[in-house]
Amino acid sequence: MRREVSMEEISDGKLYTANDLVKADCNDCRGCSACCQKMGQSIVLDPLDIYRLTFGLRQKFEELLADKLELNVVEGIILPNLQMSGTEEKCAFLNAEGRCSVHAIRPGICRLFPLGRYYDGKSFQYFLQIHECKKENRTKVKVKKWIDTPDLKKNEKYISDWHYFLTDMQKTLATLQNDEKVKKINMLILQTFFLEPYHQEEDFYVQFYDRLEKLKTSLQLLTRRE
Ligand code: SF4
Ligand code: SF4
């Protein structure tokens, strides 16, 4: 989720790279699952999250939408997010023991927490959200160890490219007066990055960039036609 707040309010005032040490390690959360509950629609998922979840759980995106995920509009674009369910509004993947049942394939935002990303100049750095994790006495850990993501260089480039693609699209959609066209573009994004199944045997990033190029061509055609 993108937030327009001052860094002084929410962080320790520092920006971190993947190789820096940061006081984020909550030592296995022991007994706490606060950030897996009552998160509303804020755990927004990206195409890599869907790739991981659909293959890890052997379920199609549409099947996950039945009770694990939901779709919502984020600044004009329809995107999936984790569903909080029941009276306690728990993430659908939180098990009875208060642990994440999809830990190995958990979404990027869950890997990051309580870190956030600060985007600037077509890339980003990490920051520590000081009011989010309830655990006291967190210890220092290297950012890259904490986020536990293979091919981190590729991943960071993809995260940036996806973010700036979305922000560009959000700006474009905000200027369109044509509701039908806004709907078509949204359906195109949803179909291209989430509904069309990925190939498990192929590298995710190759598939993502291929889809991104195709989408850009389709968007140009759509714009030219109208
Ligand atoms: S609030 Fe902190 S300690 Fe609690 S579950 Fe989340 S990351 Fe772990
Ligand atoms: S996917 Fe796992 S870590 Fe993320 S909110 Fe759900 S239970 Fe928590």
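Residues numbered from 1 in each chain as written. Chains lettered and ligands numbered in written order. Predicted model: local features only at pLDDT ≥ 70, side-chain atom pairs only at ≥ 80, totals over all residues. Heavy atoms only, no water.

**Description of empty space enclosed by the protein**
Space left empty within the atom packing is revealed by a probe, the size of a water molecule, rolled over the atoms. For clarity, the cut-off: Detection works on a 1 Å grid of protein atoms alone, calling trapped sets that fit a 1.4 Å probe cavities and calling open sets with protein on both sides within 12 Å along at least five of seven lines pockets, with lining residues defined by an atom within 4 Å of a point. Grid points are joined across faces, edges and corners, and a volume is the space filled by probe spheres set on the points. Only DSSP runs of H or I with at least four residues qualify as helices, and only runs of E with at least two residues qualify as strands; both kinds are numbered from the N terminus onward. Amino acids outside the nonpolar list (Ala, Val, Leu, Ile, Met, Phe, Trp, Tyr, Cys, Pro) and the charged list (Asp, Glu, Lys, Arg) are all regarded as polar, and Gly is one of them.
The final tally for this structure, using the stated rule, is one cavity of 30 Å³ or more. Size it by volume and the largest cavity reaches roughly 110 Å³. Around the largest cavity, the lining is made up of 16 residues, and of these Gly108, Arg117, Thr149, Asn155 and Ile159 lie nearest the centre. For the lining of the largest cavity, the secondary-structure elements that each account for two or more residues are α2 (47–57), α4 (108–112), β7 (123–128) and α6 (152–175). The element contributing the most residues to the lining of the largest cavity is α6, with four residues. Classifying every residue of the lining of the largest cavity gives eight nonpolar, three polar and five charged.

**As for the pattern of salt bridges**
We apply this condition: For this document, the term salt bridge refers to a Lys or Arg side-chain nitrogen within 4 Å of an Asp or Glu carboxyl oxygen. Buried, partly exposed and exposed residues are distinguished by accessible area as a fraction of the type maximum, computed with a 1.4 Å probe on protein chains only: under 20%, between the cut-offs, and over 50%, respectively.
One pass over the full model with this rule turns up eleven salt bridges. Asp28 is paired through a salt bridge with Arg99; the nearest N and O atoms lie 3.0 Å apart. Here Asp28 is found in the loop between β1 (21–25) and α2, whereas its partner Arg99 is found in the loop between β5 (90–91) and α4, with 71 residues between them in sequence. In this structure Asp28 comes out as partly exposed when scored by relative accessible area, which is 49%. On the basis of relative accessibility, which here comes to 35%, the residue Arg99 falls in the partly exposed class. A salt bridge links Lys68 to Asp67; the shortest N-O distance between them is 3.4 Å. Among the residues examined, Asp67 registers a relative accessible area of 39% and is labelled partly exposed. What you see here is one network of salt bridges that share partners, running through Arg106, Arg111 and Asp148.

**A closer look at α2**
When you tally the buried positions in α2, you get eight out of eleven residues, the bulk of the element. Residues of α2 that are buried: Pro47, Leu48, Asp49, Ile50, Tyr51, Arg52, Leu53 and Thr54. Of the residues trailing α2, Arg58 is marked for its positive phi of about 55 degrees.

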